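Structural overview
One letter stands for each residue in the lines below.
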Amino acid sequence: MKPSLRHLLALLLLPVALGAAEPTKPNILVILADDLGYGDIRAYNPTRGKIPTPHLDRLAAEGMRFTDAHSSSGVCSPSRYALLTGRYHWRTRLQNGIVGVFGEPLIAPDRLTIASLAKQHGYRTAAIGKWHLGWDWPIAEGDRALFRGTKENDAAAPETNRAAWAKVFGQRIAGGPTTRGFDRYFGTDVPNWPPYCFIEDDRTVGIPSEFLPKEYFRDHLASLPGPALPAWKFERILPTLTERACAFVTESARASQPWLLYLPLTTPHTPLAVNAEWQGKSGLNNAAADLIMETDAAIGKVLAALEASGAAKDTLIIFTSDNGFASYVGVKDLERQGHFPSGPLRDYKSSVHEGVTASLSSCAGPARSPRVRPAGSWSIRPTSWRPWPRSSA
Ligand SMILES: [Ca+2]
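Turning next to the overall build of the chain. A tally of helices and strands in the chain yields nine helices and twelve strands. Residue burial in the chain is summarised as follows: out of 393 residues, 53% are buried. In the chain, once contacts between residues fewer than 6 apart in sequence are set aside, the share between residues at least 24 apart is 75%.

What follows concerns helix α7 (residues 287–309). Structural remark: α-helix, 3.6 residues per turn; residues separated by three or four positions point the same way. A rise of 1.5 Å per residue sets the reference length of α7, with its 23 residues, at 33 Å; its end C-alpha atoms lie 33 Å apart and thus fit the reference within 8%. Once α7 finishes, G310 follows within two positions and takes phi at roughly 85°, a positive value.

Let us look at the nonpolar core. In summary, soluble globular proteins display a tendency toward joint burial of nonpolar side chains. Of all hydrophobic cores here, the largest spans 87 residues; its most connected members are I128, A245, V249, L260, L261, L263 and V302. No other element matches the twelve residues that α7 contributes to this core. In this structure, L261 is in contact with L29, A126, I128, A245, F248 and V249, ignoring residues within four places of it in sequence.

Let's shift gears to the environment of M64. Looking at the secondary structure, you find M64 in strand β2 (residues 64–66). Taking the C-alpha atoms as reference points, M64 and C363, 299 residues apart in sequence, are found 5.1 Å from one another.

What follows deals with helix α5 (residues 159–169). Of all the residues in α5, the buried ones are N161, A164, W165, V168 and F169. Looking straight down α5, one finds its buried side chains confined to an arc of 115°; they lie on one side. Exposed residues on α5 whose side chains face more than 90 degrees from its buried face are E159, T160 and A163. Residues of α5 that are buried make contact with β6 (203–204) and β8 (227–228).

Conventions adopted
Residues numbered from 1 in each chain as written. Predicted model: local features only at pLDDT ≥ 70, side-chain atom pairs only at ≥ 80, totals over all residues. Helix = DSSP H or I, 4+ residues; strand = E, 2+ residues; numbered from the N terminus. Buried ≥ 20, exposed ≤ 12 C-beta atoms within 10 Å, placed from the backbone. Contact = placed C-beta atoms within 7 Å. Expected span 1.5 Å × (residues − 1). Core = buried A, V, L, I, M, F, W, Y, C linked by C-beta atoms within 7 Å. Arc of directions from axis to C-beta.

Encoded structure:
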């Protein structure tokens, strides 16, 4: 069995448990991209990659690259479950696929997570980004149909729907990140599904009161109809998560506790909503490629905030992806232009092959730790999130 991320954190925290001096408690920043392929970062795919990713390239150059690190699954929920708990994801009620829309929590209430483990060692913890591990949405069984809708509806939502939404979104939502070890949470549950709004800790930010307009059901934006905040903009998600992450890093530097930030970014998963500054920048005529560049820049901002806070030297940064690139957002066209999102590996998201689970992982800092290998070094296989046969088919 290869060690999981949770095992890695347990080893990091061991000196603390043994009463070692304070500097052995590193801050921990876990950045998880969504549907980013192994070959989407230039540092991992120098010959078959066409998308500039300078900030992640720098992280790879200054830290350690894990070139044979595997996520546990080819899709979101199980992969995230394994990362956060260190357990095989099918040892849950979920036996295939992902947590459904308005689905129940996948992580059992008493299950140890990287966040609750860190809290046992005095860390302040936060999750900022995409959860997709379920909540106890207080939706009455008979009201479930009111939380669906059609992709063709631009009319105002009927009062019956609005009343049901106001009732559910007006109360605390149990079973989310703040009940699984995180002191704080901010993000979207699943950005291409309802509810189309942010969630802060255990409350939606505002009350969704309209169906998502039909204009969003095109070009790999929304997937499912349902309640949305009026004037909800997908383009704001990544910048807002970035701002929140920067703020957490900055304010944490003023606190006495070490911290763990789990930052599951929503990109380059759908919605492929690229801000104007990045539209067309990849030169590949592909929104996902542009969004990868925007994601790289967002990570650059978080790393800059970390540097500015003075905590970078005391922070272990782990960057990885939950699964491979989504072929349905134009992979054949990218390949024709010489960009191969899985690099040298086979296949894409939701398959069982290596291009799906061979998740790029970069690890950097803290600079003072004697356990850290020299900058730019690499390793071929210490960080699988769970045991995984390298070639399953
Ligand atoms: Ca994913």
